[in-house]
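A look at the structure
Each chain, letter by letter, is given below.
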Amino acid sequence: MTDASFLRVSVAAVLLLLLGGTVPPAHAQSMGASPLKRSLPPDTAITKTDRVTVKGEEVPYEVTTGTQPVYGDDDTAVASLHYTYYRRSDVDDRSGRPLMISFNGGPGSGSLWMHLGYTSPKHLKISDEGFPVQPYGVEDNEHSILDVADIVYVNPVNTGFSRVLDAEVSRDKFFGVNADVDYLAAWIDNFVSRQDRWRSPKYLIGESYGTTRVAGLAGQLQNRHWMYLNGVILVSPTGLGMEPAGPSPRSEALKLPYYAATAWYHEQLSPELQDRDLQALLAEVENYTIEEYIPALTRGGFIDSTRRQTVAQQVARYSGLSEQFVLDHNLAVPSDAFWKELLQDEGHTVGRLDSRYQGVDVKNAGSEYDYPAELTAWNHAFTPAINHYLRDDLGFTTDLQYNTFGNVYPWDETENNTGAQLREAMAQNPYLHVMVQSGYYDGATDYFSAKYVMWNLGTRETMRDRLRFEGYRSGHMMYLRSEDLATSNEDIRTFIEESIPDEGTPARYGRNR
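All of these numbers come straight from a predicted model, not from anything done at the bench. (Residues numbered from 1 in each chain as written. Predicted model: local features only at pLDDT ≥ 70, side-chain atom pairs only at ≥ 80, totals over all residues. Heavy atoms only, no water.)

**Quick look at the overall build of the protein chain**
The line we're drawing: A run of H or I in DSSP becomes a helix once it reaches four residues, and a run of E becomes a strand once it reaches two; helices and strands are each numbered from the N terminus. With the radius of gyration taken over C-alpha atoms, the globule rule is written as 2.2 Å times the number of residues to the power 0.38. Buried, partly exposed and exposed residues are distinguished by accessible area as a fraction of the type maximum, computed with a 1.4 Å probe on protein chains only: under 20%, between the cut-offs, and over 50%, respectively. Residue contacts are counted whenever heavy atoms from the two residues lie within 4.5 Å of one another. The accessible surface values rely on the Shrake-Rupley method and a 1.4 Å probe; as for residues, cover is taken only from the protein chains in view. Asp and Glu count as negative and Lys and Arg as positive, but His and the ends of the chain are not part of the count. The location of each charge is read from NZ of Lys, CZ of Arg, CG of Asp or CD of Glu.
Secondary structure assignment for the protein chain yields 16 helices and 14 strands. Relative to the compact-globule value of 24 Å for 513 residues, the protein chain shows a C-alpha radius of gyration of 26 Å, a close match. In the protein chain, buried positions account for 54% of the 513 residues. Residue pairs at least 24 apart in sequence account for 71% of intrachain contacts in the protein chain once pairs closer than 6 positions are excluded. When the accessible surface of the protein chain is split by element, carbon and sulfur atoms take 48% of a total near 22800 Å². Between the centroid of the 45 positive side chains of the protein chain and the centroid of its 69 negative side chains there is a distance of 4 Å.

Here's what the structure looks like:
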């Protein structure tokens with residue numbers, strides 16, 4: 001373009017703007033304007049008021065959705081995290097008001113699952129058993145814990161609307177077990193300061209990989225930020241990087257109780273077992289797993305042939321599989337084989353994260369399912385609901401996509417000592433309690449492995465009375481079943497009540513003198 005041409009275009013564009021028009025994109029480019037780029041305001045907040053009825057009590061609250069920066073080593077913002085914060089508004093003194101900080105897993109998953117599925121005053125519209133329904137949307141959650149605690153739902157970098165701000169910053173700062181814990185602990189420190197919550201009893205709740213996250217955060221917050229917690233809730237926990245003396249958490253050796261629960265749900269057991277109450281059956285299978293099954297597996301190929309046959313018969317009896325199928329897998333059936341095989345005669349697969357769900361593969365043959373039936377159903381319901389709620393109801397305006405699952409890879413999994421960090425935090429802080437919540441039909445982070453992880457956290461008798469396990473007749477997100485939504489939230493209320501000491505009670509071991 002010649003200088004004369006550029007001058008004519010510029011004058012025309014200025015006149016158009018003065019007359020209230022807009023500059024066409026081509027003219028804007030010719031004027032030297034930068035191309036538009038989707039971005040997130042690094043530090044902003046929108047607050048609205050609402051109320052919800054919980055257990056017959058009307059609870060007024062403020063809900064703030066916005067962003068708060070993550071600061072780098074030179075104290076400049078390098079990323080911004082999107083959060084949603086619920087604060088009961090009829091409380092004057094927050095020094096005794098608990099604050100619950102909530103994370104989901106992945107590690108690249110947004111916070112939508114527990115936000116709209118579990119503890120907040122809003123709940124997505126689903127069936128009583130957790131299946132998607134239309135029209136999509138949200139409704140009041142009469143089981144929310146907002147009556148007893150304020151709650152903030154946090155999206156780590158690249159999940160939800162959270163994004164990196166400085167393209168020059170290495171991904172290593174965010175995407176790894178220890179990097180994740182490090183920057184999130186600093187972010188929480190800043191959030192607690194901004195909201196004036198240092199005196200409040202504080203809790204972390206994490207689901208799936210979020211349990212790895214909050215286990216590490218318990219130690220990091222305590223040792224690097226001098227922030228001591230009252231409680232940590234592990235929903236469908238991972239192995240937390242632990243290496244117990246026995247089997248590895250989530251190994252085939254520990255899956256038999258989960259197999260039995262799933263087979264019982266789908267009525268694949270013998271009448272004798274099918275007629276049993278689930279809890280009684282699982283207690284029997286758990287005992288068999290510890291006393292007979294694991295010792296037999298330790299012998300590998302050198303197990304006596306008679307004992308091998310006996311174990312195969314019992315595993316088949318408890319799992320709903322054929323004896324030959326168990327033998328073909330050397331007595332330890334992998335989970336993916338179980339999900340494909342259990343209902344294969346009926347032409348269905350069962351879900352990984354919640355084995356109540358059934359899928360249909362292109363071919364009935366094969367050793368793995370084509371898709372996770374449960375996750376497909378959940379995405380179907382949650383993603384429209386969170387977008388509608390944040391954008392339309394709360395007014396958070398952005399052209400960014402809400403990342404239900406974000407790009408956080410490669411993820412550095414080395415030096416995962418998060419379980420040890422949590423155990424150390426419990427040892428150093430006599431106020432710190434831990435609760436594990438698991439669904440019996442979760443095949444990814446199975447409930448018996450969750451118990452096993454808890455047992456290995458409480459290696460000293462002085463810790464056992466601060467550890468508790470709660471199981472539910474659902475899957476990975478046990479709160480999606482309406483009956484378990486009520487029960488699991490009530491378990492959190494009880495946990496909070498029991499983990500707040502009487503006023504003036506010293507944090508110490510031994511008898512008061």
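So much for the structure itself; the text now carries on.
**Considering the packing of aromatic side chains**
The geometry of an aromatic ring pair is captured by the separation of the ring centres together with the interplanar angle, meaning the angle of the planes. Heads up, the condition is: Pairing of aromatic rings covers Phe, Tyr and Trp, the last through its six-membered ring, and needs centres within 6.5 Å; plane angles under 30 degrees mean stacked, over 60 mean edge-to-face, and all others mean tilted.
What the rule picks out here adds up to 28 aromatic pairs. Residues Y203 and F495 carry aromatic rings whose centres are separated by 6.2 Å and whose planes lie at 70° to one another, so their mutual orientation is edge-to-face. Of this pair, Y203 sits in strand β9 (residues 202-207) while F495 sits in helix α16 (residues 482-499), and the two are 292 residues apart along the sequence. Look at Y203 and you get buried, because its relative accessible area is 0%. When the ring of Y258 is compared with that of Y259, the centres are 5.5 Å apart and the planes differ by 55°; the resulting orientation is tilted. For Y259, a relative accessible area of 3% gives the class buried. Through a chain of ring-to-ring contacts, three or more aromatic side chains come together here, namely F174, F175, Y183, Y209 and W411.

**Considering the packing of helix α8 (residues 278-297) against helix α14 (residues 447-457)**
Put simply, the rule reads: Note on method: axes are straight lines fitted to C-alpha atoms, helices fitted across the in-contact stretch only, with angles between N-to-C directions ranging 0 to 180 degrees. Angles below 35 degrees are treated as roughly parallel, those above 145 as roughly antiparallel, those between 65 and 115 as roughly perpendicular, and all remaining angles as oblique. Each crossing gets its hand from how the near helix is turned against the far one by less than a right angle, where anticlockwise is left-handed and clockwise is right-handed. In this classification, the charged set is Asp, Glu, Lys and Arg, the nonpolar set is Ala, Val, Leu, Ile, Met, Phe, Trp, Tyr, Cys and Pro, and all remaining amino acids, among them Gly, are polar.
At a minimum axis distance of 12 Å, the contact between α8 and α14 shows a crossing angle of 60°. What the angle tells us is that α8 and α14 run oblique. When the axes of α8 and α14 are compared, the crossing they make is right-handed. Between α8 and α14, the contacting residues are L282, E286, T289 and I290 on the first element and Y447, F448, K451 and W455 on the second. The residue makeup of the contact of α8 with α14, split by class, is five nonpolar, one polar and two charged.

**Looking at the pattern of salt bridges**
The test is simple: Think of a salt bridge as a Lys or Arg side-chain nitrogen and an Asp or Glu carboxyl oxygen that are within 4 Å of each other.
Applying the stated criterion across every chain, the model contains 27 salt bridges. When the shortest N-O distance is used, the salt bridge between D90 and R88 registers 2.7 Å. Under the relative-accessibility criterion, R88 is labelled buried at 8%. What you see here is one network of salt bridges that share partners, running through E129, D354, R356, R481, E483 and D484.

**A closer look at the nonpolar core**
Rule in force here: Put simply, a nonpolar core is a bunch of buried Ala, Val, Leu, Ile, Met, Phe, Trp, Tyr and Cys residues held in one set by side-chain atoms that sit within 4.5 Å of each other.
Residues F174, I188, L217, V232, L234 and L422 are the most contacted members of the largest nonpolar core, which totals 95 residues. The element contributing the most residues to this core is helix α4 (residues 177-194), with nine residues. In contact with L217, other than residues within four places in its own chain, are F103, V181, L184, A185, I188, L204 and Q222.

**With respect to the layout of surface pockets**
Which entries qualify depends on this criterion: Within this scheme a cavity is a closed region of a 1 Å grid, computed over the protein atoms alone, that accommodates a 1.4 Å probe without allowing it to escape, whereas a pocket is open but has protein on both sides within 12 Å along at least five of seven lines; lining residues each have an atom within 4 Å of a point. Grid points are joined across faces, edges and corners, and a volume is the space filled by probe spheres set on the points.
The computed volume of the largest pocket comes to approximately 650 Å³. If you trace the largest pocket, you find 30 residues lining it, with G105, G106, P107, S208 and Y209 closest to the centre. Elements supplying a minimum of two residues to the lining of the largest pocket: α5 (209-224) and α12 (373-393). Class assignment for the residues of the lining of the largest pocket results in 12 nonpolar, 14 polar and four charged. If you add up the space inside the second largest pocket, you get close to 350 Å³. Grouping the amino acids of the lining of the second largest pocket by side-chain chemistry returns 10 nonpolar, seven polar and four charged.

**Concerning the environment of P69**
Relative to the assigned elements, P69 resides in strand β2 (residues 57-71). Residue class for P69 comes out buried when judged on its relative accessible area of 5%. Discounting residues that sit within four places of it in the chain, P69 has contacts with P42, D43, A77, A79, S80, W187 and R194.

**Focus on the environment of D465**
With respect to the helices, strands and loops of the structure, D465 is situated in the loop between α15 (461-464) and β14 (467-472). Sequence-wise, D465 and V434 are 31 residues apart; in three dimensions their C-alpha atoms are separated by 9.7 Å.

Geometric values such as these leave the question of function open.
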